[in-house]
Amino acid sequence: MNRLSHSPLWRLAILFGGLSAGLTTHADALSAVQVLREGGCGGTLPPARPLHHNALLDRAAEKWAAGGTPAAAAARSGYEAEITTGVLITGPDSSMVQLLRQSSCRTVSNSALSEIGVYHRGSQTWLVLASAYVVPASAQAPVLATRALQLVNEVRARGTHCGERSFAPAPPVTLSLTLAGVAFGHAADMAQHNYFEHEDLTGRSPADRVRAVGYRETLVGENIAYGPKSADEVVQGWLDSTGHCENIMDPRFAEMGIAFAAGHASRRGLYWVQLLAAPRV
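Heads up: these notes are all about the structure in this document.

Basis of the calculations
Here the residue numbering is sequential within each chain, running from 1 through the sequence in written order. The model is predicted, so local features are restricted to residues of pLDDT at least 70 and side-chain atom pairs to those at 80 or more, both for listing and for counting; the totals for chains, interfaces and linings are taken over all residues. Side-chain numbers here rest on the full set of heavy atoms in the structure, without hydrogens or water. Throughout, a disulfide means two cysteine sulfur atoms within 2.5 Å of one another. Labels follow the DSSP assignment, with helices taken as runs of H or I lasting at least four residues and strands as runs of E lasting at least two, numbered in each case from the N terminus. Residue burial is assigned from relative accessible area. The probe radius is 1.4 Å, only protein chains are included, and a residue is buried under 20% of its type maximum, exposed over 50%, and partly exposed in between. Axis definition: a line fitted to C-alpha atoms, over the contacting stretch in the case of helices. Angles run 0 to 180 degrees between N-to-C directions. By definition, turning the near helix anticlockwise from the far helix through less than a right angle yields a left-handed crossing, and turning it clockwise yields a right-handed one. Only heavy atoms matter for contacts: two residues are in contact if any of them lie within 4.5 Å across the pair. Each residue gets one of three labels, nonpolar for Ala, Val, Leu, Ile, Met, Phe, Trp, Tyr, Cys and Pro, charged for Asp, Glu, Lys and Arg, and polar for the others, Gly among them. Residue count minus one, scaled by 1.5 Å, sets the expected span of a helix.

Attention shifts here to the state of the cysteines. All chains considered together, the criterion is met by two disulfides. One disulfide bridge connects C41 with C105, the sulfur atoms lying 1.9 Å from each other. Residues C41 and C105 are joined by a disulfide whose S-S torsion is about -125°; by sign, that bridge is left-handed. Placement of the pair is C41 in helix α3 (residues 40-43) and C105 in helix α6 (residues 96-108), with a sequence separation of 64 residues. Exposure remark for C105: the relative accessible area of 9% places this residue in the buried category. The cystine pairing of the protein chain, numbering bonded cysteines in sequence order, is 1-2, 3-4.

Written out as structure tokens, the structure reads:
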């Protein structure tokens with residue numbers, strides 16, 4: 001009875017022992033990263049979703065091995081990244097889980113990352129982990145405009161410094177659909193024709209563009225930006241720039257329109273345009 005009852009357990013122990021050894025022996029960088037993410041670095045972090053293998057990031061890992069940074073290598077490989085990080089491991093595949101756990105567990109377990117590429121040469125393995133840049137959908141425009149308005153009115157309400165100049169609190173501005181339409185027209189034109197100027201390709205100024213749609217104004221100001229991916233980022237960027245900040249804090253302005261457009265060709269970031277105006281009464 002004892003031999004019969006223990007024999008299956010003994011076989012089971014051998015089976016699982018052999019399986020564990022096989023997994024360790026044949027572990028590669030990809031599976032090692034997935035193991036650490038799913039296990040939350042041995043239970044020290046929340047579990048993270050598995051990463052998707054991306055051939056462009058394989059190419060980026062190879063380019064990184066030749067020099068430069070992971071972010072630059074990803075860009076040269078045609079991968080548009082929101083976040084990029086790299087991990088270089090020296091050692092055999094059989095020790096990959098242990099090596100990653102000791103040196104880079106938190107990095108590879110970052111839940112903000114979604115894709116991975118690998119390049120292996122000799123005893124070294126280069127990992128490029130990234131999250132692809134996703135252009136906000138046009139349906140998000142009203143939400144982003146509302147958020148930008150909130151941020152602008154918050155700083156106007158408390159007052160601030162623009163460079164060395166101090167601004168007292170100013171009345172809030174309201175969103176204007178007319179100004180938003182003009183802002184989008186200029187953002188889309190810059191994105192399509194790959195330029196970045198207040199004056200458009202026909203020579204019109206911001207005031208000219210506002211008047212062209214029948215908006216009656218006494219004063220117009222325009223802020224533009226290229227690159228920011230959120231309303232928070234673009235507004236903060238303007239506040240950090242003296243001239244743009246002065247536009248936002250000018251108490252004469254009562255209405256605002258803001259819009260963005262995605263770039264084309266070699267410039268794929270977002271073009272932002274903010275119009276501020278004092279309507280004629």
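Next comes the rest of the description.
Okay, the packing of helix α7 (residues 141-158) against helix α10 (residues 231-239) next. The geometry of α7 relative to α10 is characterised by a closest axis approach of 9 Å and an angle of 35° between their N-to-C directions. Seen along the crossing, α7 lies across α10 with a hand that is right-handed. From α7, L144, R147, A148, L151, V152 and V155 reach across to α10, where they touch A231, D232, V235 and L239. In terms of residue class, the contact of α7 with α10 is made up of eight nonpolar, no polar and two charged.

Before going further, it helps to examine α7. With 18 residues, α7 extends 26 Å from end C-alpha to end C-alpha; this agrees with the ideal 26 Å at 1.5 Å per step. Along α7, the residues classified as buried are L144, A145, A148, L149, L151, V152, N153, V155 and R156. Where the residues of α7 are buried, they touch β5 (160-162), β7 (174-175), α10, α11 (242-249), β9 (255-262) and β10 (270-279). The positive-phi residue at the C-terminal boundary of α7 is G159, with phi of around 80°.

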